[in-house]
Amino acid sequence: MTRSNPPVEEADENDLEVGEPKAWAAGLPGVYHSMQPALKHMGAERSARTLLRMNQKQGFDCMSCAWPDPSGERSTFEYCENGAKAVTWEATPVTVASEFWAEHPISELRERSEYWLGMQGRLTEPVYKAPGEDHYQPVSWDKALTLISEKLKSLASPNEAAFYTSGRASNEAAFIYQLFIRGFGTNNLPDCSNMCHESSGVAMGETIGIGKATVAYNDYLECDLMIVIGQNPGTNHPRMLSAMEKQKENGGQIVAINPLPEAGLRRFKNPQKPKGVLGRGTDLADQFLQIRAGGDMALLQAISKRVLEAEDQNPGSVLDHDFIAQHCEGLDTLRAHLAHLDEQTVLEATGLRSDAIDELADRYINAEKVIITWAMGVTQQKNGVGTIKEIINLLLLRGNIGRPGAGASPIRGHSNVQGDRTMGVWEQMPPSFLDALGKEFSFEPPRDHGVDSVAAVRGMRDGEIKFFLSLGGNFAGAMSDTAATEAAMQNLEMNVQISTKLNRSHTVLGEEALILPTLGRTEVDHRATGPQFVSVEDTVCAVHSSQGTVEPVAPGLLSEVAIISRLAHATLGDRVAADWQGFEDDYDRIRDHISHVVPGCENYNRRIREKDGFLLANGPRDSRTFNTPSGRAMMTANELDPMQCPPGRLILQTLRSHDQFNTTIYGYNDRYRGIKKGRHVVFVNPEDLAQLGFSDGDLLDVHGEYEDGKDRVLRSFRAVSYPTARGCAAVYYPEGNVLVPLDDTVQGSNTPVSKGVIIRLEPAADGPSGGSEENSQRNMPAAV
Ligand SMILES: Nc1nc2c(c(=O)[nH]1)N[C@H]1C(S)=C(S)[C@@H](COP(=O)(O)OP(=O)(O)OC[C@H]3O[C@@H](n4cnc5c(=O)[nH]c(N)nc54)[C@H](O)[C@@H]3O)O[C@H]1N2
Ligand SMILES: Nc1nc2c(c(=O)[nH]1)N[C@H]1C(S)=C(S)[C@@H](COP(=O)(O)OP(=O)(O)OC[C@H]3O[C@@H](n4cnc5c(=O)[nH]c(N)nc54)[C@H](O)[C@@H]3O)O[C@H]1N2
Ligand SMILES: [Mo]
């Protein structure tokens, strides 16, 4: 069944083409584009077995994002173009052959782009890099697991190891993974959430007592007003557009707040409706506020202030007094704080006009049921935690939490990042969870908090962390400050990665390294007691099962559960009272333990088998109960400290193109933004570009400007004149990580500030694409 790998060509940034941005998302090109790669790479049968079973009740959960499935009837095509790309990328029959490792030294792989690495195909056998070697070589599973467990046992302290998780791991894998790690003796559990929605978890935890959305799927359809802040659903959560379309059909309004006029926020053509392809489509945003990056906190405060003023003019008619009296605390503090808010400061921070802010305030006051959604445009700003607390303030003022059609809705990224946290993948799990875990498995879990992603890099850098294992993901590509992160990873004694495909992290190594290949979610997971299913949790706390539909791409591949069980057994022996062999044979046994340990997961095996799975309990959503110290939802005063951008400088954000999933690059086009065949672009407002003395198409160096005085630069990026907000610029992630300092993190959540780097543009020092020779080959920017 497997195919060996056809040669993969690296892209040449000189081929870059720039056209007009699109004003609508996901019409005919959506369906067309979604089928093409699948048919080409997998053939008709494998395409049908995967695409038609995606997000179906008997199928697998799409791994492309955490957007929920509709609760009632589902379309036969319950997937989007980008979900289809994710499936094609994983379920490809192309595999990395055994000879590959001898043919390609690691030093050569380090020069390759993420695209090239990923396109080599699926990994099928464990490989090992010995100290001093520049090659991986295939090894048996037994050998690989022995090498790892012996290394772990040799460490002076369990805290010399850190264990990363990317948000694709199933609940079952995540649960036994954190059990293994805590059994080993550390809470060093950094995860991708640290770089993602950590700010949401912190802000919501402190204010409403839970770090998760307070809405269920149908609430999106029912709300009168949906405010979408710092999120690009057309690319990153395309199935959300269907919900937005229904909400509009039900008479609702949508407001988008973004520095970019993203196509998916403007108009939607539904490819699954007869009219969808040819018609004009549905206009989505009724109002678009083109905010300056980092300005959301000022905007939200200005709206809350207007809400309070409207209440003063018409006492009793604007605030939800009953709700506030019964459930909230802090109104006076908030009121006093906002009284000092200066309109001029707001206008400068937001780049908006007062009448646009008035209009949004009116919409908010006149809507009965409001949902606010947000993603990385908010969480990755310096003031992200404060901004989310302001979202909560605004919602609380009119009782928009814990009612149908209303609520706070962070839209999560990775398909099971939320479930992984529920299962205990967090460096700071509360004592109650640790108590339950210790009791269930008869051991004493460590209590000291572990490292998060930023602290893990510091630990590697300083020689305190010597062993790093990743359950999925691409830490080198995803983390900030590429040069610092890579140098830190090269300091490790052993680097182990459980992966489906090659990526940058497999090439940035210390002394010893191993790659353990694993099954993906599309594949049937054959175990001793028969094919297994796993379970996942989406962004609205709905837990359901996922079962692979195609045969594994190669014999001998192990599931994540099997790998972790074997590694745990080899490392821990019987240090915790767990039947590791039983876990690997029958995932029901894992779920029995989940029932006993994880709050809200009682009778997990029974409930997960119900038709739609089940909704996890959620105090604010279900009963307006708030698990805060006072038992009330907290209105908070958050200091406004707008980012200062000196003259001649811009605020840079790093974002996703339409052809990528995080660090996985499917291709070099960004269709909705009009970019083709390249990624080395910097989007700048035409007036800013002119003012800085540059023209569309110029080759520029993008220099970061920092307090630490270091020079970090992206070389030879092409200026694209683009309708972004004044004073703002954008480059793609992961390339942009070169410019994000390790120490620049969001206050309160320690998330890298990936959307707020002050930059200076200069004519390219090196001429045509890619800078130095090394970089033109690798297709990755230089870190200086
Ligand atoms: N196809 C695809 N799907 C994905 C992913 C993927 O890479 N590809 N990644 C997944 C993951 S892990 C995640 S976390 C999500 C990410 O989903 P998004 O958060 O939508 O991802 P980004 O591309 O980072 O886009 C951030 C948006 O915020 C805007 N923005 C930037 N700065 C500001 C600001 O200061 N204020 C406001 N109001 N807006 C701002 C940007 O213009 C952009 O529209 O998507 C998930 N789904
Ligand atoms: N500058 C900047 N940096 C960012 C962001 C940004 O917006 N700007 N966004 C941040 C965000 S939101 C996130 S979530 C992180 C993402 O960080 P990560 O989650 O670490 O990165 P991914 O690119 O999603 O990981 C892709 C790799 O996962 C592996 N993989 C895929 N499927 C599976 C599977 O089923 N099992 C296993 N074991 N492995 C698998 C493959 O080997 C693939 O190469 O990046 C963060 N970094
Ligand atoms: Mo994410």
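The rules we used
- Residues numbered from 1 in each chain as written.
- Chains lettered and ligands numbered in written order.
- Predicted model: local features only at pLDDT ≥ 70, side-chain atom pairs only at ≥ 80, totals over all residues.
- Heavy atoms only, no water.
- Helix = DSSP H or I, 4+ residues; strand = E, 2+ residues; numbered from the N terminus.
- Buried < 20%, exposed > 50% of the residue type's maximum accessible area, 1.4 Å probe, protein only.
- Lys, Arg positive; Asp, Glu negative; His and termini not counted.
- Salt bridge = Lys/Arg side-chain N within 4 Å of Asp/Glu carboxyl O.
- Contact = heavy atoms within 4.5 Å.
- Axes fitted to C-alpha atoms, helices over the stretch in contact; angles between N-to-C directions.
- Parallel < 35°, antiparallel > 145°, perpendicular 65-115°, else oblique.
- Nonpolar A, V, L, I, M, F, W, Y, C, P; charged D, E, K, R; others polar.
- Domains from an automatic or database assignment.
- Buried area = accessible area lost by both parts, 1.4 Å probe.
- Arc of directions from axis to C-beta.
- Near = heavy atom within 4 Å.
- Polar contact = N/O pair within 3.5 Å; in protein donor to acceptor, adjacent residues only side chain to side chain.
- Areas by Shrake-Rupley, 256 points an atom, 1.4 Å probe, with all protein chains shown as cover.
- 1 Å grid on protein atoms, 1.4 Å probe; cavity = no way out; pocket = protein on both sides within 12 Å on 5 of 7 lines; lining within 4 Å.
- Points joined across faces, edges and corners; volume = space filled by probe spheres on them.
- Pairing = 2+ DSSP bridges.
- pLDDT = per-residue confidence, 0-100.
- Core = buried A, V, L, I, M, F, W, Y, C linked by side-chain atoms within 4.5 Å.
- UniProt positions renumbered as here; feature names shortened; annotations may be inferred.

1. Some words on unusual backbone geometry
- At the junction of Y733 and P734, the peptide bond is cis and its omega measures out at 10° in the coordinates.
- Of note in the backbone geometry, D481 takes a positive phi value of approximately 50° without being a glycine.
- Positive phi values are uncommon outside glycine, yet N662 reaches one of about 50°.
- Within the element layout of this structure, N662 appears in the loop between strand 23 (660–661) and strand 24 (664–665).
- When its relative accessible area of 16% is taken as the criterion, N662 is described as buried.

2. Re the side chain of D296
- Its place among the elements puts D296 in helix 14 (residues 296–313).
- Although D296 is buried, it makes no salt bridge; R292 carries the closest opposite charge, 11 Å away.
- Once residues lying within four places of it in the same chain are set aside, the contact partners of D296 are I229, I257, I291, G377 and T387.

3. Things to note about the packing of helix 14 against helix 16 (residues 331–339)
- At a minimum axis separation of 10 Å, helix 14 and helix 16 run at an interaxial angle of 105°. Here helix 16 runs roughly perpendicular to helix 14, going by the angle between their axes. Taken together, the residues of helix 16 that come into contact with helix 14 (itself represented by Q301, S304, K305, L308 and D312) are L331, R335, H337, L338 and A339.
- Its residues placed into classes, the contact of helix 14 with helix 16 shows four nonpolar, three polar and three charged.

4. A closer look at the domain arrangement of the protein
- Considered domain by domain, the protein is made up of domain 1 (94–196 + 416–610), domain 2 (198–411) and domain 3 (650–763).
- Look at where the C-alpha atoms of domain 1 and domain 3 centre, and you get two points 31 Å apart.
- Contacts between domain 1 and domain 3 engage 19 residues on the former and 19 residues on the latter.
- Both sides together, the interface formed by domain 1 and domain 3 hides about 1600 Å², and carbon and sulfur atoms give 51% of it.
- Ranking the residues of domain 1 by area buried against domain 3 places Y115, S480 and D481 at the top, with a combined share of 31%.

5. Description of helix 17 (residues 343–350)
- Burial in helix 17 covers these residues: V346, L347, A349 and T350. Projected onto a plane normal to the axis of helix 17, the buried residues spread over an arc of 165° and lie on a single side.
- Here the buried face of helix 17 lies against helix 14 and helix 18 (354–366).
- Immediately downstream of helix 17, the backbone of G351 shows phi near 70°, a positive value.

6. Regarding the site of ligand 1
- Around ligand 1 there are 33 residues in total, and N258, E262, G294, D296 and N662 lie nearest to it.
- Measuring from a nitrogen atom of ligand 1, one finds a side-chain N or O atom of N82 at 3.2 Å.
- With respect to ligand 1, the side chain of N258 contributes an N or O atom lying 2.7 Å from an oxygen atom.
- Alone, ligand 1 offers 920 Å² of accessible surface; in the complex the protein occludes 99% of this.
- Tallied by class, residues from the shell around ligand 1 come to twelve nonpolar, 17 polar and four charged.
- Shared between two domains, the shell around ligand 1 holds at least three residues of each, these being domain 2 (198–411) and domain 3 (650–763).

7. Concerning empty space enclosed by the protein
- Tallying each qualifying case throughout the model produces four cavities of 30 Å³ or more.
- Considered as a void within the structure, the second largest cavity measures approximately 80 Å³ in volume.
- Along the walls of the second largest cavity sit 15 residues, with C62, C65, A66, W67 and R239 positioned nearest its centre.
- Tallied by class, the residues present in the lining of the second largest cavity amount to six nonpolar, five polar and four charged.

8. Quick word on the sheet that holds strand 20 (residues 614–615)
- Strand order in the open sheet formed by three strands is 18-19-20, and the pairing between neighbours is antiparallel. Two strands bound the open sheet, and with one partner strand each, they are strand 18 (534–537) and strand 20.
- Here two bridges tie strand 19 (residues 542–546) to strand 20, and the two strands are oriented antiparallel to one another. Bridged to V543 within strand 20 is F614.
- Along the sheet, helix 7 (residues 171–184) makes contact with strand 18 and strand 19, crossing strand 18 at roughly 90°.

9. Describing the confidence of the model for the protein
- When pLDDT is averaged along the protein, the result is 93; 94% of the residues meet or exceed 70.
- Contacts for the low-pLDDT stretch residues 769–784, under 50 throughout, to residues beyond four places or in other chains number 46 contacts.

10. So, the sheet that holds strand 4 (residues 161–165)
- The strand order across the open sheet built from six strands is 3-2-15-14-13-4, with neighbouring strands paired in mixed fashion. The sheet is open, and its two edges are formed by strand 3 (137–138) and strand 4, each paired on a single side.
- Sheet topology places strand 4 next to strand 13 (residues 467–471); five bridges connect them, and they run parallel. Its bridge partner lying in strand 13, A162 is registered against F468.
- Sitting on the sheet, helix 26 (residues 560–572) touches strand 13, strand 14 (494–499) and strand 15 (512–517), and the angle it makes with strand 13 is about 150°.

11. Description of the nonpolar core
- Within the largest apolar cluster, 65 residues are counted, with the highest numbers of intra-cluster contacts made by F163, F175, F180, F441, F467 and W580.
- Tallying contributions element by element places helix 7 first for this core, with nine residues.
- Residues within four places of F163 in sequence aside, it is in contact with L152, Y177, F180, I181, F184, T186, N188, L189, P190, F467 and L469.
- Counting 59 residues, the second-largest nonpolar core is a separate cluster that includes A302, A361, W374 and V378.

12. Concerning the site of ligand 2
- Around ligand 2 sit 31 residues, and of these Y164, S166, E560, T663 and Y733 come closest.
- Y733 places a polar side-chain atom, nitrogen or oxygen, 2.7 Å from an oxygen atom of ligand 2.
- Within the complex, 97% of the 930 Å² of free accessible area of ligand 2 lies under protein.
- Residues of the shell around ligand 2, tallied by class, amount to ten nonpolar, 16 polar and five charged.
- Mapped onto the domain boundaries, the shell around ligand 2 takes at least three residues apiece from domain 1 (94–196 + 416–610) and domain 3 (650–763).

13. Remarks on the UniProt feature "domain: Molybdopterin dinucleotide-binding" (unreviewed entry) in the protein
- Taken from the UniProt record, the annotation "domain: Molybdopterin dinucleotide-binding" (unreviewed entry) applies to residues 650–753.
- Regarding residues 650–753, the helix share stands at 6% and the strand share at 35%, and the terminal C-alpha atoms are separated by 15 Å.

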